[in-house]
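Fold and contact review
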Amino acid sequence: MLKIKLIAICLYALFFAGCSQQQSNSEKSAATSTQPIIQNSEVISNTARNQQISLEQTANAQNAPAATERKVIRNANLTLETNAPEEAGRKIAAIAEAKGGFVVNSETKTSGANETIRTSVNVTVRVPAAQFEAAVAEIRQVAERVAQEKVSGQDVTEEFIDLEARIRTQKALEAQFLEIMKGARSVADALEVQKQLAEVRGEIEKVEGRRKFLENQTSFSTITVTLNTPTVFAAASTGFGAQLWRALGDGVDAALFVVLGLIRVFLAMLPLLILFGIPIWLIVRHFRKKWRRARLAQQIAQEEKS
């Protein structure tokens, strides 16, 4: 009998879950549904009445009006140029705190040397969604030039409505399983209900976690700012003396490059010369001595004949 109840509840929950998906896509208010009739010869009338009431509560929770407030995730990425990036970064942090936000990350990098030193500061802040446009406008003013700006938005209203409907359905189903747990007459029935209850609670936690994430992302907007020092372009010398001196320097650099290349080749070939050159030299030396002795003997023989 308990298994029949569980099957009926699961089928009923699946039916209304499908209705919820269609309802969230059209963003309409829920309509009243026909009361379900559960007939089973093995279920006594009182239990059937209680189960029907609980299932009606599930239907009513599923068909509750959904929120119509728009949920939009807004982000901004700005690249600014200023002569004092570090000071500008502190100003951006102060703007975020004044708007009720906070600094997520701040990083400073320095590159180059001497007169070509460049400082780059990356700042990520989060501000309340209502203060997003005002914060972006004030951040633009901390630098002399806006090199790049990108503002994006993602509407998650439909997903948010669907999540809330799923939470209501799962909580109503959880209440139904708790009622069945109270009437369990055996350990096997209690374990079966506990298993179904654990699955429902796990689904509730997962959906609620996703809803909290969307709430956090929509209630606070993220602004990422990159602050760079302006790029300095030095005027190039075009006089004859400057060009001649530059050509001479290029020639010296080329000669040094060739010499260094030859040295590298020699050092790379040195182990091979030692490994193969010495045995070859000894062999050649041996045959050369042998050839000289043979030639000397031939000359001596010719002198004796003469």
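Worth saying up front: this structure is predicted, and the values here are computed from it rather than measured.

Considerations on the overall build of the protein
Broken down by element type, the protein carries seven helices and five strands. Seen in sequence order, the protein has helices and strands lined up from the N terminus as α-α-β-α-β-β-α-β-α-α-β-α. Residue burial in the protein is summarised as follows: out of 306 residues, 29% are buried. Pairs at least 24 apart in sequence give 82% of the contacts found in the protein among residues at least 6 apart. Of the accessible surface of the protein, which amounts to about 20800 Å², a share of 57% is contributed by carbon and sulfur atoms.

Observations concerning the packing of helix α5 (residues 157-182) against helix α6 (residues 187-219)
Between α5 and α6, whose axes approach to 9 Å, the crossing angle comes to 155°. Considering their axes alone, α5 and α6 lie roughly antiparallel with respect to each other. Read as a crossing pair, α5 and α6 show a hand that is left-handed. When grouped by side-chain class, the residues that make up the contact of α5 with α6 number 15 nonpolar, three polar and eleven charged.

A closer look at the packing of aromatic side chains
For the structure shown, the criterion picks out one aromatic pair. The interplanar angle of 50° and the centroid separation of 5.9 Å between the aromatic rings of F102 and F220 together place this pair among those described as tilted. Residue F102 is located in strand β2 (residues 102-111), and its partner F220 is located in strand β5 (residues 220-228); the two are separated by 118 residues in the primary sequence. Looking at F102, the relative accessible area reads 38%, which means it is partly exposed. Taking the relative accessible area as the measure of exposure, F220 reaches 24% and is therefore partly exposed. The aromatic ring of F160 is capped on one face by K71, whose charged end is 4.8 Å from the ring centroid.

Some words on the nonpolar core
Counting 20 residues, the largest nonpolar core has L80, I92, I139, I223, V225 and L227 as its most contacted members. Residues contacting I223, with those up to four places away along its chain left out, are A76, L78, V123, T124, V125, V127, F132, A135, V136 and I139.

So, the side chain of T82
Topologically, T82 is positioned in the loop between β1 (72-81) and α3 (85-98). Separated by 3.4 Å, the side chain of T82 and the backbone nitrogen of A84 make a polar contact. Leaving out residues up to four positions away in the same chain, T82 has contacts with A88, V142, A143, E144, L227, N228, T229 and P230.

A short note on the confidence of the model for the protein
For the protein, the mean per-residue pLDDT works out to 77, and 73% of the residues sit at or above 70. No element of the protein has a lower mean pLDDT than helix α2 (residues 45-62), which averages 44, and none a higher one than β5, which averages 94. Segment residues 19-59: pLDDT under 50, and 50 contacts once partners within four positions in sequence are set aside and those in other chains are kept. Taken together, the stretch residues 61-67 has pLDDT below 50 and engages in 19 contacts with residues farther than four places along the chain or on a different chain.

Looking at the pairing of strand β3 (residues 118-128)
With nine of eleven residues buried, β3 lies mostly within the body of the structure. One ladder, built from nine bridges, connects β2 with β3; its direction is antiparallel. Opposite T108, over in β3, you have V121 as the bridge partner. Looking at chain direction, β3 and β5 are connected through nine bridges and run antiparallel. Counted as the bridge partner of V123 is V225 from β5.

As for helix α4 (residues 132-140)
Taken together, the buried positions of α4 are occupied by F132, A135, V136 and I139. Summarising the axial view, the buried residues of α4 lie within an arc of 100°, below the 170-degree limit, and thus occupy one face.

A look at the pattern of salt bridges
In the structure shown here, the tally under the stated rule is 14 salt bridges. Residue E81 is joined to R145 by a salt bridge in which the shortest nitrogen-to-oxygen separation is 3.2 Å. In this pair, E81 sits in strand β1 while R145 sits in strand β4 (residues 145-155), placing the two residues 64 residues apart along the sequence. R145 sits in the partly exposed class, given a relative accessible area of 44%. Linking E203 and K206 is a salt bridge whose minimum nitrogen-to-oxygen distance equals 3.5 Å. Here the residue E203 and the residue K206 both occupy positions in helix α6, the gap between them amounting to three residues, near one helical turn. Among the charged side chains, a salt-bridge network with shared partners connects D162, R166, E203 and K206.

Cut-off values and rules
- Residues numbered from 1 in each chain as written.
- Predicted model: local features only at pLDDT ≥ 70, side-chain atom pairs only at ≥ 80, totals over all residues.
- Heavy atoms only, no water.
- Helix = DSSP H or I, 4+ residues; strand = E, 2+ residues; numbered from the N terminus.
- Buried < 20%, exposed > 50% of the residue type's maximum accessible area, 1.4 Å probe, protein only.
- Contact = heavy atoms within 4.5 Å.
- Areas by Shrake-Rupley, 256 points an atom, 1.4 Å probe, with all protein chains shown as cover.
- Axes fitted to C-alpha atoms, helices over the stretch in contact; angles between N-to-C directions.
- Parallel < 35°, antiparallel > 145°, perpendicular 65-115°, else oblique.
- Left-handed = near helix turned anticlockwise from the far one by under 90°.
- Nonpolar A, V, L, I, M, F, W, Y, C, P; charged D, E, K, R; others polar.
- Phe/Tyr/Trp six-rings, centres within 6.5 Å; stacked < 30°, edge-to-face > 60°.
- Lys NZ or Arg CZ within 6 Å of the ring centre and 35° of its normal.
- Core = buried A, V, L, I, M, F, W, Y, C linked by side-chain atoms within 4.5 Å.
- Polar contact = N/O pair within 3.5 Å; in protein donor to acceptor, adjacent residues only side chain to side chain.
- pLDDT = per-residue confidence, 0-100.
- Pairing = 2+ DSSP bridges.
- Arc of directions from axis to C-beta.
- Salt bridge = Lys/Arg side-chain N within 4 Å of Asp/Glu carboxyl O.

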